Amino acid sequence: MQRNTTTRENSAASDIDDSLLFKEKLPNIPSKLKNGIYNSCSFRAIARKFPILGWLPKYEASFLLQDFIAGFTVGLTTIPQAIAYGVVAGLEPQYGLYSAFMGCFAYIIFGSCKDVTIATTAIMALMVHQYAILSPDYAVLVCFLAGCLILLMGLLNLGVLVRFISIPVITGFTIAAATTIGSAQINNLFGMASPSNDLIPAWKHFFTHLNKIGWNDAALGVLSLIFLFLMKKTKDIPYGNRTFWKYVSLSRNALTVIIGTSLAYGLSRGGTQPFRVTGNITAGLPPFRPPPFHTTVNGTDVSFGEMLNNIGASLASIPLVAILEIVAISKAFSKGKIVNASQEMIALGMCNIMGSFVSSMPVTGSFTRTAVNNASGVKTPLGGAVTGALVLMALAFLTKTFYYIPKSTLASIIIAAMISLMEFEKVRDTWRSKKKDLFPFVATLVPCMFWSLEYGILCGIVANISYILYSSAKPQMRLDIEKVDNSEQNFLKDNSLSVYIFQVLDWEVGVVDVKQKLDFASAEYLKEKVVKFVNLNTVKLIVIRGQEINSIDYTVAMNIITLREDLKILNCDLICWNWNISSAGVVCRLKSEMREIFCFEKTLEEVVSKYQLSHSNDVSEIVYIL
């Protein structure tokens, strides 16, 4: 016997437990706090905060000589650079030396990378210049406050934040800083006193005062610069002992200072000085005392609050730049090891805090000296002790010799170092790989060069974040019409009655394939795209494929609910197919009736088949009753 009939299935069977959708799984906060406190107080956790406990027990006697040679070589590089960077900061030269030893000692205890050398850098010096010229107390206070902020961020494991700053931003900042610092020394290189360390004023002063060039200084400066570049190439000499030539190349800064100082001293024996020299450097070690929380400028007392107001945005930008430098350097020399950015922040914070007690300006990792340390074969952070001791000896016994260091010689050392930081190959690689990434590069470079380094790096970060927000607000998704054409046989059994149902399915379905997670920024975009798609295409059903939607928030859930209501007005329905349980649960808990739109079948044909049985009156069925 055969007859035609139409059946309707009121509810679809589910192969998941609905309790997983309607009950939100919350973290066990008391348990997590208990475990966190326990883990943070364990010996292993403490040892992680003091890396010296890991490498010192394994220290071998054979390491001692290599650490000594590396530390001594770095010290010879550090001393002339420290004096030069003290001048860049607008301070007396000895402040550069004050900044060059405490970081070496503190990093031994807290640092995790054997190659990193902590001291002031040209970028740090330039960033403190604008208020250090008012009083050295400003530079020392910034050193302390920056150290506190960096240490706090490290203890809170905020090293992950460094990942949000891209290589183009770092490259733009580095090139701009190197250009500005090198330009600020062009007047010293030619024997002129420059009234400003900014890019445009420095070059303007140079070209408008060409008649005041000190030809002796210019000759010494240019020859020193050529000598530095030639010495840098000696490591590539194929003849003789390669190790000897490598160390000759590494000692180029020290040799340049020795030659320039000897010339200045020898030519001044007749009572005249042919060069502009550094002058008196205060002899002796700096006093160990707390950082200043008030100061006096031109006879006027300046309170702590006024000092903070004068420092302004530098209080945020200097710690940020310091963190970027040390993390980038640590990663560059990690040699396959994982760099713990948070631990490096703890180490850098302690270096600055301890340094502020000996009148140090802000310090961070130095790429040049770290490269020298690595090339010298350092084995452990203990090499920093030799570098620090050498700087202390220079402060105690060699300050009278430093009087005769020509300023043009120091300028040549700084300019040579800045030229080596011009990473134009990274700009070229960015252009080759993805030209859009030049936007954050330019957004960093231009403000850094023509506005200030502090605001320039912030502009770069904003440009970076805008990229992230743009991709979040416009997620990748594909909207297609898929034709579901399937004939399937369903077997139903009711007591003694066996029914075979043959369904003829031939539907066009709109399928939305979202390629990333959804959040509040992308919620409205999804809704707009789907509604526009339905208006342009006649479909009865929209299926949002959700395998890659692993997280949504309240805003997305509300937009899914309103999207369904908008589609009903357009005579279209909505199904969310194979969504993550946690994502689907957000919508179901917000409105329980929305449970019916979630399907977890294996194929799109099964989804459409179940939907037709539940909602369509147009399904042709042939029922055989046996």
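Per an unreviewed UniProt entry, the chain goes by Sodium-independent sulfate anion transporter isoform X1 and derives from Musca domestica. On record in UniProt, under Subcellular location (unreviewed entry), the comment for the chain is "Membrane".

### A few points about the pairing of strand 8 (residues 541-545)
Put simply, side chains in a regular strand alternate between the two faces of the sheet. The element strand 8 is extensively covered by neighbouring structure, given that five of its five residues are classed as buried. A two-sided burial pattern is seen for strand 8, the buried positions comprising Leu541, Val543 and Arg545 on one face and Ile542 and Ile544 on the other. Relative to strand 9 (residues 573-577), strand 8 runs parallel, the two sharing five bridges. Paired with Ile542 across the bridge in strand 9 is Leu574. Between strand 8 and its parallel partner strand 9, the chain crosses via helix 27 (residues 554-569), and the hand of that crossover is right-handed.

### As for the environment of Phe206
Position of Phe206 relative to the elements: it lies in helix 12 (residues 199-208). Note on Phe206: relative accessible area 9%, which makes it buried. Along the chain, Phe206 and Ser194 lie 12 residues apart, while their C-alpha atoms are 7.9 Å from each other. Not counting the four nearest positions on each side in its chain, Phe206 is found in contact with Ile186, Asn187, Phe190 and Met192.

### Observations regarding the pairing of strand 9
A large share of strand 9 lies buried, amounting to five of its five residues. As paired strands, strand 9 and strand 10 (residues 598-599) are joined by two bridges and run parallel to one another. Note that in strand 10 the partner of Trp577 across the bridge is Cys599. Chirality of the crossover, the property in question, places the unit of strand 9, helix 28 (residues 581-590) and strand 10 among those that are right-handed.

### Comments concerning the state of the cysteines
The final tally for this structure, using the stated rule, is zero disulfides. Just so you know, Cys104 is unpaired, no disulfide at all, and the nearest cysteine sulfur is the one on Cys351, 8.3 Å from it. Here Cys599 is not cross-linked by a disulfide; its sulfur's nearest cysteine counterpart is in Cys576, at 8.9 Å. With relative accessibility at 9%, the residue Cys599 sits in the buried group.

### Brief notes about unusual backbone geometry
Even without being a glycine, Asn157 presents a positive backbone phi close to 55°. Note that Asn157 resides in the loop between helix 9 (136-155) and helix 10 (167-184). What makes Asn157 partly exposed here is its relative accessible area of 49%. A positive phi angle, close to 55°, is found at Asn298, a residue other than glycine.

### A look at the environment of Phe50
With respect to the element layout, Phe50 can be found in the loop between helix 3 (43-49) and helix 4 (52-55). Owing to a relative accessible area of 32%, Phe50 belongs among the partly exposed residues under this scheme. A sequence separation of 60 residues divides Phe50 from Phe110, and the C-alpha atoms of the two residues are 5.1 Å apart. Non-local contacts of Phe50, meaning those with residues more than four positions away in its chain, are made with Ile109 and Phe110.

### Remarks on helix 27
Along an α-helix, a turn takes 3.6 residues, which lines up residues three or four apart on a common side. Compared with the 22 Å implied by 1.5 Å per residue over 16 residues, the 23 Å span of helix 27 between its first and last C-alpha is a close match. Of all the positions in helix 27, only Val556, Ala557, Asn559, Ile560, Ile561, Leu563, Arg564 and Leu567 are classed as buried. For helix 27, the elements touching its buried residues are helix 26 (520-536), strand 8, strand 9 and helix 28. One side-chain oxygen of the residue at the start of helix 27 lies 3.2 Å from the amide nitrogen of Thr555, identifying that residue as Asp553. Within two residues after helix 27, Asn571 carries a phi angle of roughly 60°, on the positive side.

### A look at a nonpolar patch on the surface
On the surface, Leu65, Phe68, Ile69, Phe72 and Leu76 cluster together to form a nonpolar patch covering roughly 430 Å² of accessible area. In this structure, Phe72 sits in helix 5 (residues 61-88). Note on Phe72: relative accessible area 35%, which makes it partly exposed.

### Side note on the packing of helix 10 against helix 22 (residues 407-420)
Orientation of helix 10 relative to helix 22, taken along the N-to-C sense of each, is 160°, at an axis distance of 9 Å. Between helix 10 and helix 22, the interaxial angle falls into the category roughly antiparallel. In the packing of helix 10 onto helix 22, the handedness of the crossing is left-handed. Taking contact as the criterion, the partners of Ala178, Ile181 and Gly182 in helix 10 are, on helix 22, Ile414, Ile415 and Met418.

### Looking at the pattern of salt bridges
Any two side chains of opposite charge can pair, given that their charged atoms come close. Tallying each qualifying case throughout the model produces seven salt bridges. Here Asp115 ties to Lys114 by a salt bridge, and the two come within 3.1 Å at their closest N and O atoms. Owing to a relative accessible area of 28%, Lys114 belongs among the partly exposed residues under this scheme. Close ionic contact of Asp513 with Arg545 constitutes a salt bridge, the shortest N to O distance being 3.7 Å.

### Structural notes on the environment of Leu97
Tracing the sequence through the fold places Leu97 in helix 6 (residues 94-98). According to the relative accessible area criterion, Leu97 is buried, its value standing at 0%. C-alpha separation for the pair Leu97 and Tyr85, spaced 12 residues apart in sequence, amounts to 9.1 Å. Once residues lying within four places of it in the same chain are set aside, the contact partners of Leu97 are Ile79, Ala82, Ile83, Val391, Leu395 and Phe402.

### Some remarks on the confidence of the model for the chain
When the pLDDT values of the chain are averaged, the result is 78; 85% of them are 70 or greater. Mean pLDDT in the chain bottoms out at strand 11 (residues 621-625), which sits at 34, and peaks at helix 9, which reaches 92. The low-confidence segment residues 1-14 (pLDDT under 50) makes 22 contacts with residues lying over four places distant or belonging to another chain. Considering only residues more than four positions removed or in separate chains, one finds that residues 618-626, a stretch of pLDDT under 50, has 33 contacts.

### Let's talk about the side chain of Thr295
For Thr295, the position within the fold is in strand 3 (residues 295-297). Taking the relative accessible area as the measure of exposure, Thr295 reaches 4% and is therefore buried. There is a polar contact of 3.2 Å between the side chain of Thr295 and the side chain of Ser135. Among the polar contacts listed, one links the side chain of Thr295 to the side chain of Asp137, at a separation of 2.7 Å. When neighbours within four sequence positions are excluded, Thr295 is seen to be in contact with Ser135, Asp137, Tyr138, Thr300, Asp301, Val302 and Met307.

### Describing the packing of aromatic side chains
Within this structure, the stated rule accounts for 14 aromatic pairs. Summarising the aromatic geometry, the rings of Tyr131 and Tyr138 are spaced 6.1 Å apart at their centres and angled 50° between planes, so their arrangement reads as tilted. Looking at Tyr138, the relative accessible area reads 1%, which means it is buried. Centroid distance Trp203 to Phe207: 5.8 Å. Interplanar angle 25°. Geometry classified as stacked. Here the residue Trp203 and the residue Phe207 both occupy positions in helix 12, the gap between them amounting to four residues, near one helical turn. For Phe207, a relative accessible area of 53% puts it in the exposed group. Linked through ring pairs, Phe190, Trp203, Phe206 and Phe207 together constitute an aromatic cluster. Above the ring of Trp431, the side-chain terminus of Lys435 is found at 4.8 Å from the ring centroid.

The rules behind these values
Sequence order as written defines residue numbering, which begins from 1 separately in each chain. With pLDDT at 70 or above as the cut-off, local features in this predicted model cover only qualifying residues; side-chain atom pairs require 80 or more to be listed or tallied, and sums for whole chains, interfaces and linings still use all residues. With hydrogens and water set aside, each side-chain value is computed from the structure's full complement of heavy atoms. UniProt positions are given in the numbering used here, feature names are shortened, and annotations may be inferred rather than shown by experiment. Remark: exposure states derive from per-residue accessible area (1.4 Å probe, protein chains only) relative to the maximum for the residue type, with buried under 20%, exposed over 50%, and partly exposed in between. Comment: elements are numbered from the N terminus, with helices defined as DSSP H or I runs of at least four residues and strands as E runs of at least two. Paired strands, in this sense, are two strands between which DSSP finds at least two bridges. Handedness of a crossover is defined as follows: with both strands directed away from the viewer, a clockwise route from the first strand across the helix to the second makes it right-handed. In what follows, residue pairs with any heavy atoms lying within 4.5 Å of each other are defined as contacts. In this description, the term disulfide denotes a pair of cysteine sulfurs within 2.5 Å. Here the expected span of a helix is defined as 1.5 Å times the quantity of residues minus one. Residues adjacent in sequence count toward polar contacts only when both atoms are side-chain atoms; beyond that, a polar contact is any pair of N or O atoms within 3.5 Å, and within protein one must be able to donate a hydrogen and the other to accept it. Any residue with relative accessible area above 30% and no salt bridge may belong to a patch, with like charges joined within 9 Å and the nonpolar Val, Leu, Ile, Met, Phe, Trp and Tyr side chains within 5 Å. Surface accessibility in these figures is a Shrake-Rupley result with a 1.4 Å probe; residues are shielded only by whichever protein chains are displayed. The working definition used for a salt bridge is a side-chain nitrogen of Lys or Arg within 4 Å of a carboxyl oxygen of Asp or Glu. Angles here are taken between N-to-C directions and fall from 0 to 180 degrees, while the axes themselves are lines fitted to C-alpha atoms, restricted in helices to the stretch in contact. Here roughly perpendicular refers to angles of 65 to 115 degrees, roughly parallel to angles under 35, roughly antiparallel to angles over 145, and oblique to all remaining angles. Helix crossings get a hand from a simple test, with the near helix turned counterclockwise from the far one by less than a right angle marking a left-handed crossing and a clockwise turn marking a right-handed one. Predictor confidence is given residue by residue as pLDDT, running from a minimum of 0 to a maximum of 100. Any two rings among Phe, Tyr and Trp, with Trp reduced to its six-membered ring, count as a pair given centres within 6.5 Å; such a pair is stacked if its planes are under 30 degrees apart, edge-to-face if over 60, and tilted if neither. Remark: a charge is flagged as sitting over a ring if the NZ atom of Lys or the CZ atom of Arg is within 6 Å of the ring centre and within 35 degrees of the ring normal.

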